[in-house]
Amino acid sequence: MAIIRKKTGNFLEDFRPGGVLRHKRGKTITEGLFAVFSDFSMTTNPLSKNLRYAQAYGFRGLVVHPGLVMNVVFSQSVEDVSENARANLEYVDMRFGVPVCVGDTLESQTRVLGVRASASNPSLGVVHVQTTGRNQHGEVVLTFQRKVQVWKHDLDAPISDEQVPPEEIPVSLALPEYDPKRGYRDLAHLSSPDTYFEDFRPGDVLEHSRGRVVTTDHIMLTGMLDNTSQVHCNQWMVEQDPDRYVGGQLIVFGGIPFNLCLGISSADCSDNALADIRYATGRHTAPIFAGDTVFAATEIREVRDFPGRPDIGVVGVVLRGHKFVRKCEETGKAGAGKEEKSEAAEKVEIFYLERELAVKRRSHYT
Amino acid sequence: MAIIRKKTGNFLEDFRPGGVLRHKRGKTITEGLFAVFSDFSMTTNPLSKNLRYAQAYGFRGLVVHPGLVMNVVFSQSVEDVSENARANLEYVDMRFGVPVCVGDTLESQTRVLGVRASASNPSLGVVHVQTTGRNQHGEVVLTFQRKVQVWKHDLDAPISDEQVPPEEIPVSLALPEYDPKRGYRDLAHLSSPDTYFEDFRPGDVLEHSRGRVVTTDHIMLTGMLDNTSQVHCNQWMVEQDPDRYVGGQLIVFGGIPFNLCLGISSADCSDNALADIRYATGRHTAPIFAGDTVFAATEIREVRDFPGRPDIGVVGVVLRGHKFVRKCEETGKAGAGKEEKSEAAEKVEIFYLERELAVKRRSHYT
Amino acid sequence: MAIIRKKTGNFLEDFRPGGVLRHKRGKTITEGLFAVFSDFSMTTNPLSKNLRYAQAYGFRGLVVHPGLVMNVVFSQSVEDVSENARANLEYVDMRFGVPVCVGDTLESQTRVLGVRASASNPSLGVVHVQTTGRNQHGEVVLTFQRKVQVWKHDLDAPISDEQVPPEEIPVSLALPEYDPKRGYRDLAHLSSPDTYFEDFRPGDVLEHSRGRVVTTDHIMLTGMLDNTSQVHCNQWMVEQDPDRYVGGQLIVFGGIPFNLCLGISSADCSDNALADIRYATGRHTAPIFAGDTVFAATEIREVRDFPGRPDIGVVGVVLRGHKFVRKCEETGKAGAGKEEKSEAAEKVEIFYLERELAVKRRSHYT
């Protein structure tokens, strides 16, 4: 007889550059996951709302929006890559492939590109990986690299301190053909009238008006993604070690504000996008917690043609998320030992994403 | 380059009587939205629970109950009509058309009937509209008028202070035919035995025994409806302006208690209804907040034949929702400056709805 | 005119041994219920995650995991059996029949086996019942007995203090045939590599590493099951009578930790199970409340052949759930009337289940 304390996930010393981790389970995107996760973000693109519209555009069904595709594939990699992580440092070169529709099944795998021990902290290091998700036909739906800070389990274990190049992953965006017989004009009232390709001017910054508080619902949402990281749901664990776990609070999974920022921005900049093409880089610049309200702004960086598709254009933007935090400031002694305080609000950037969208041209769709 | 603060929704001065607002997006009622929203209300009608039962009755699939039909169509009108509203004043002449089943896609539009500036407050006024929702075949599923108190943005802007008549919207309830071969008797144990047409006596008041607390889950539920009103989900915004936003609290979207009251009453009065026919008038008589427990009672007002359908009858009721609030009362000085307080509970009506139901007759179904 | 205070559920004196209660409504397992309830538990078996995998194994669709089957059937019995219960005492001889897949409709009925008045408390007694759930084809999916402590309504009413034997319910597990042509080996990376039949040694105790906090989301989850018991959702009611209702707190429905413990254990012991066969006995050994974090451990008791199926074996285990509670201890006077306190954590068992699983053999599936 033995008491076996089951461990899950890899630690820094377990990663081997060049090795491939085939992630477990896979996930079918049911109408349940789709509805809960899409709608929570306040996303507005009719392709992800209205089956009649999505089918008229030539999609097989309701389109799973990029925030959910990213969250499902990313979460499948968590057990093997980041269940024992301290922080997700950066998303790199995230590219979308064939569209995902409700009912599709996604499975993922990750190639380890590099491991680097921390110079200052012997219990930490950085793992660099490349994760790719495919649908039930084996077609790539998403591929990306990420860098993540992972705990070491055995401080004396050796680290494979090397780097292998990323694998070449062919990605095809595979959008439905443009076909004027589809009756786009009859559907045009279902999306924003001012978010066509012609509307975007480099340099403009769109401050999105809506915000959304994150409640403890983040725990349920993260669970629905099969994300097994304990720092998002194991309240007792984080309370036992506040020094290690941001003061003993559950931290909100980064995929939640990632998804929320995409959703909050959608009425102003992706309501007429056929797809997200690529995120060159992205990072969570500050953590969020239950009770924080998430806001977003989009800076237009670039507009250019989409090769071979005169009906759409590429819009390059920077999407930033932010929250406000109260800052107590001493404003001087009020006498008798009582300090006068005034509360000020500080705007804190929580998310940064360089994003390229495939956006319909008004000339072809209205 | 420009910083563009995006605005959403219309203000009082933007409404033009006679104008038509075609609402964006549309919404397919997925099994996800259906399950989360129906079940949360504690609705008990087997048509919305049991596919075998719904199909035996001649419906194409699980029937979307009236509370969800109303909430989806209503929420589609929020961005254009009430995103900048202070309060929803009244529902008028809400009539249900063809049944909605899971998988249907609803799209809506609103005709502006009237705009009236407030006599006492230059920053407010009332907008009167008529909203109609249709399914993917263009059939009317719901039409109603409502009056809503909307903020003015530019206090100096002129108001179109006029009124146009409501459009005549043909509405057909379109219930499946009665057919004794369907085997209704073999299904009769699946609904309450004491809620047939013959059981209702005008004058009776049914106090429904169940109650349900609303938690912060109202934020998720409102988001699932694509309701974009910020007063339900933007915690930071309401905290910054407690004078404008009921003390800095998120107010629960009226559709939530509307839906809950329908659900709480269903075991006692609509478990054997084939449909809700019409709500002549309805209003939210007090706001609710996270933490409130919602209760309901139904007053039977009228019973009458349903023309052309001897198997069913019309039951006219008033559905009222209520909550209890603690009231601190001073009961006298207890000496030494200490006040004695006793806590009493006050019953507060939160919802009023005049409702007509199409209810099965025991003679035909058991 | 009459004010009618509607009552729901039976009291102790209403149960008649030998009587059969056909439960109302029935429930179709939509993709919405499936996704929300399955994923919340952190269950990891790919049969309940990945449609491609489930179909390759010969199931008609995504497999509804045993925790959800149990919760749906159990909850259908609540209104008639335990809406007026004080506590659920024991599950007995719970056996699973044909697999349940997404889209199936379950309906249930309960036979009353016995009623026994409490010797010490005239307002309480124990009801012993046998509940059976069937799918839309009339096939048994689950049958079990339970004992539940129920309130008496009329203290003077007589009790049918007798006992009838349980009905013989034929249950067939009905697993898909083993067929090497299905390509199991190509799917083997999707489940844990160390949870095949050959991996289990009687006497081992597996301490599962993951935990999950229960938030107020338990109210929504319980509602989604159509569980109508008021002690889980009627905040006002429990606050009015703290003596009767555990200090005025909503108690979490036992099906929630039941389901969570199954899910938390799955990566370590049921990831390669084709089905749960039988729970000989089970009970909730302590209540849980919003804010508690649930953990679990599995003790391997027995491994044996599965008659007629050389590809699988039976693993008998005990699944235990636990939580930690803070315990304030006085550690001595620190002088001047100030007591020094230290906080210690006490591990409290919340759930006990004797469980038999049908587990794949590595020899046949990898």
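Values in this document were obtained by computation on a predicted structure and should not be read as measured data. Once a new chain begins, its residue numbering starts again from 1 and follows that chain's sequence as written. To label them, take the chains in the order written and letter them from A, then take the ligands in the order written and number them from 1. Only residues with pLDDT of at least 70 get local features here, since the model is predicted, and only at 80 or more are side-chain atom pairs given and counted; chain-wide, interface and lining totals rely on the full set of residues. The basis for every side-chain value is the complete set of heavy atoms in the structure, and neither hydrogens nor water enter the calculation.

Engineer: How do you make sense of the overall build of chain A when you look at a structure like this?
Structural biologist: Helix and strand counts for chain A come out as eight helices and 13 strands. Put simply, the radius of gyration uses C-alpha atoms, and a globule should come to 2.2 Å times the residue count raised to 0.38. For a compact globule of 366 residues, the expected C-alpha radius of gyration is about 21 Å, and chain A comes in at 22 Å, within 12% of that figure. Over its C-alpha atoms, taken along the principal directions, chain A stretches across nearly 65 × 65 × 35 Å. Remark: exposure states derive from per-residue accessible area (1.4 Å probe, protein chains only) relative to the maximum for the residue type, with buried under 20%, exposed over 50%, and partly exposed in between. Counting only residues that meet the buried cut, chain A has 63% of its 366 residues in that class. Only carbon and sulfur atoms are counted for the fraction: they give 48% of the accessible area of chain A, which is about 13500 Å². If the 43 positive side-chain charges of chain A are averaged to one point and the 48 negative ones to another, these points end up 1 Å apart. A helix here means a DSSP run of H or I that spans at least four residues, while a strand means a run of E at least two residues long, and both kinds are numbered starting from the N terminus. Throughout, the Shrake-Rupley method with a 1.4 Å probe supplies accessible areas, and for residues the shown protein chains are the sole cover considered. A residue counts as positive if it is Lys or Arg and as negative if it is Asp or Glu; His and the chain ends are not included. Charge placement uses NZ in Lys and CZ in Arg. For Asp and Glu, CG and CD serve respectively.

Engineer: Even after reading the chapter, I still don't get the packing of aromatic side chains, so can you show me in this structure?
Structural biologist: Each aromatic ring pair is specified by the distance between its two centres and by the angle formed by the two planes. Pairing of aromatic side chains here covers Phe, Tyr and the six-membered ring of Trp, requires ring centres within 6.5 Å, and sorts the geometry by plane angle: under 30 degrees stacked, over 60 edge-to-face, intermediate tilted. Applying the stated criterion across every chain yields a total of 48 aromatic pairs over all chains. Measuring from centroid to centroid gives 4.9 Å for Tyr57 of chain C and Tyr184 of chain C, while their planes differ by 55°, and the two rings are tilted. Pair noted here: Tyr57 of chain C is in the loop between α2 (51-56) and α3 (66-76) and Tyr184 of chain C is in the loop between β7 (140-151) and β8 (205-207), with a separation of 127 residues, a long-range link. Under the relative-accessibility criterion, Tyr184 of chain C is labelled buried at 3%. Feature note: the residues Phe74, Tyr91, Phe96, Phe144, Phe253, Phe258, Tyr279 and Phe351 of chain A constitute an aromatic cluster, connected by ring pairs. Over the ring of Tyr352 of chain A we find Arg283 of chain A, and its NZ or CZ is 4.7 Å from the ring centre. Whether a charge sits over a ring comes down to the Lys NZ or Arg CZ being within 6 Å of the ring centre and within 35 degrees of the ring normal. Above the plane of the ring of Trp151 of chain B lies Arg244 of chain B, whose end atom (NZ or CZ) is 3.9 Å from the centre.

Engineer: I keep staring at the interface of chain C and chain A and nothing clicks. Help me out?
Structural biologist: Interfaces are often sized by the accessible area lost when the parts come together. In what follows, residue pairs with any heavy atoms lying within 4.5 Å of each other are defined as contacts. In this complex, chain C contributes 43 residues to the contact, which on the side of chain A involves 39 residues. The working definition used for a salt bridge is a side-chain nitrogen of Lys or Arg within 4 Å of a carboxyl oxygen of Asp or Glu. Applying the counting rule to chain C against chain A returns six salt bridges. In this structure, Arg326 of chain C and Glu239 of chain A form a salt bridge, with 2.2 Å as the shortest nitrogen-oxygen distance. The definition of a polar contact used here is a pair of N or O atoms within 3.5 Å, where within protein one atom must be able to donate a hydrogen and the other to accept one, and adjacent residues in sequence count solely through side-chain atom pairs. Joining chain C to chain A, the criterion identifies 20 residue pairs in polar contact (both at pLDDT 80 or more). Examining the composition of the side of chain C that touches chain A, we find that seven residues originate from one element, helix α1 (residues 31-40) of chain C, more than from any other. Charged residues are taken to be Asp, Glu, Lys and Arg, nonpolar residues to be Ala, Val, Leu, Ile, Met, Phe, Trp, Tyr, Cys and Pro, and polar residues to be all remaining types, Gly included. Taken together, the residues of the side of chain C that touches chain A break down into 17 nonpolar, 12 polar and 14 charged.

Engineer: How should I be thinking about the relation of the copies chain C and chain B in this particular structure?
Structural biologist: The relation between the two copies of this chain is a rotation about an axis and a shift parallel to it. Least squares is used to superpose the copies, and the fit set is the C-alpha atoms of residues whose pLDDT is at least 70 in both copies. In the superposition of chain C on chain B (RMSD 0.0 Å, axial shift 0.0 Å), the rotation amounts to 120°. Here the two chains are linked by the operation of a three-fold rotation axis. The C-alpha atom lying nearest the rotation axis in chain C is that of Gly32 of chain C; the distance is 2.2 Å. Residue by residue, only 8% of the interface of chain C is reproduced at the interface of chain B, so the copies engage with different surfaces.

Engineer: Can you help me understand the interface of chain C and chain B in this one?
Structural biologist: Each partner contributes to the interface: chain C provides 39 residues, whereas chain B provides 42 residues. Buried area between chain C and chain B, summed over both chains or domains, comes out near 3600 Å², and the portion from carbon and sulfur atoms is 55%. Of all residues in chain C, the largest losses of buried area upon contact with chain B belong to Lys6, Arg25 and Trp236 of chain C, amounting jointly to 22% of the total for that side. Where chain C touches chain B, the interface holds six salt bridges. Looking at the side of chain C that touches chain B, the elements that each hand over two or more residues are β1 (3-5), β3 (27-28), α1, β5 (105-117), α5 (217-224) and α6 (235-240) of chain C. For the side of chain C that touches chain B, a count of residues per class yields 12 nonpolar, 15 polar and 12 charged. Strand pairing is defined by DSSP finding a minimum of two bridges between the two strands. Sheet topology places strand β8 (residues 205-207) of chain B next to β1 of chain C; three bridges connect them, and they run parallel. Considered in β1 of chain C, the bridge of Leu206 of chain B is made with Ile4 of chain C. The term buried area refers to how much accessible surface (probe radius 1.4 Å) is lost by two components on association, counted for both of them together.

Engineer: I would appreciate a short explanation of the relation of the copies chain C and chain A in the present structure.
Structural biologist: When chain C is fitted onto chain A, the two copies agree to an RMSD of 0.0 Å after a turn of 120° and an axial shift of 0.0 Å. When the interface residues of chain C are mapped onto chain A, a mere 7% of them again fall at the interface, so the copies present different faces.

Engineer: Explain the pattern of salt bridges here, please?
Structural biologist: When their charged atoms lie close together, side chains carrying opposite charge are able to pair. Summed over the entire model, instances satisfying the criterion amount to 81 salt bridges over all chains. One salt bridge connects Arg301 of chain A with Glu299 of chain A, and the closest N-O pair in it is separated by 3.1 Å. When its relative accessible area of 42% is taken as the criterion, Arg301 of chain A is described as partly exposed. One salt-bridge network, in which partners are shared between bridges, spans Lys24, Arg25, Glu79 and Glu83 of chain A together with Arg210 of chain C.

Engineer: Can you walk me through helix α1 (residues 31-40) of chain B in this structure?
Structural biologist: Because an α-helix completes one turn every 3.6 residues, residues spaced three or four positions apart along the sequence face the same direction. Residue and element names in this part refer to chain B. A large share of α1 lies buried, amounting to nine of its 10 residues. Among all positions of α1, only Gly32, Leu33, Phe34, Ala35, Val36, Phe37, Ser38, Asp39 and Phe40 are buried. Count one or two residues on from α1 and you reach Met42, which has phi positive near 70°.

Engineer: Any chance you could explain unusual backbone geometry here in plain terms?
Structural biologist: One can expect most non-glycine residues to show negative phi and most peptide bonds to be in trans. Residue and element names in this part refer to chain B. In this model, Ala174 sits at a positive phi of 50°, which is unusual for a non-glycine residue. With relative accessibility at 39%, the residue Ala174 sits in the partly exposed group. One non-glycine residue, Val246, adopts positive backbone phi at about 25°. Looking at the secondary structure, you find Val246 in the loop between α6 (235-240) and α7 (255-269). On the basis of relative accessible area, Val246 is assigned to the partly exposed category, the value being 39%.

Engineer: How do you make sense of the environment of Val115 of chain C when you look at a structure like this?
Structural biologist: Residue and element names in this part refer to chain C. Tracing the backbone through its elements, the reader meets Val115 in strand β5. Between the C-alpha atom of Val115 and that of Ile350, which follows or precedes it by 235 residues, the distance is 26 Å. Val115 has contacts with Leu12, Phe15, Pro17, Val126, Ile159, Ser160, Asp161 and Glu162, leaving out every residue within four places of it along the chain.

Engineer: Help me understand the environment of Val325 of chain C, please; the structure alone is not making it clear to me.
Structural biologist: Within the secondary structure, Val325 of chain C is located in strand β12 (residues 312-333). Here the alpha-carbon distance between Val325 of chain C and Asp93 of chain C, two residues 232 residues apart in the chain, equals 31 Å. Leaving out residues up to four positions away in the same chain, Val325 of chain C has contacts with Trp236 of chain A together with Ala344, Ala345, Glu346 and Val348 of chain C.

Engineer: How do you make sense of the environment of Gly32 of chain B when you look at a structure like this?
Structural biologist: Within the secondary structure layout, Gly32 of chain B lies in helix α1. With 87 residues separating them in the primary sequence, Gly32 of chain B and Ala119 of chain B have C-alpha atoms 45 Å apart. Sequence-distant contacts of Gly32 of chain B, that is, excluding residues within four places in its chain, are made with Glu31, Gly32 and Ala35 of chain A, Met224 of chain B together with Gly32 of chain C.

Engineer: Which parts of the structure should I look at to understand the side chain of Ser38 of chain A?
Structural biologist: Residues and elements named next belong to chain A. Within the secondary structure layout, Ser38 lies in helix α1 (residues 31-40). Assessed through its relative accessible area of 0%, Ser38 is described here as buried. Among the polar contacts listed, one links the side chain of Ser38 to the backbone oxygen of Phe34, at a separation of 2.7 Å.

Engineer: When you look at the pairing of strand β11 (residues 293-305) of chain C in this model, what are you seeing that I'm missing?
Structural biologist: Note on strand geometry: in a regular strand, side chains alternate between the two faces of the sheet. Two strands pair when backbone bridges link them, and β8 of chain C and β11 of chain C are joined in this way by three bridges, in the antiparallel orientation. When the sheet's bridge partners are listed, Leu206 of chain C is paired in β11 of chain C with Thr298 of chain C.

Engineer: Help me understand the state of the cysteines, please; the structure alone is not making it clear to me.
Structural biologist: Disulfide: a covalent bond connecting the sulfur atoms of a pair of cysteines. Here, a disulfide means two cysteine sulfur atoms that sit within 2.5 Å of each other. Enumeration according to the criterion identifies zero disulfides over all chains in this entry. Summary of cysteine pairing: Cys233 of chain C is not part of a disulfide, and the nearest cysteine sulfur, belonging to Cys261 of chain B, is at 14 Å. According to the relative accessible area criterion, Cys233 of chain C is buried, its value standing at 6%.

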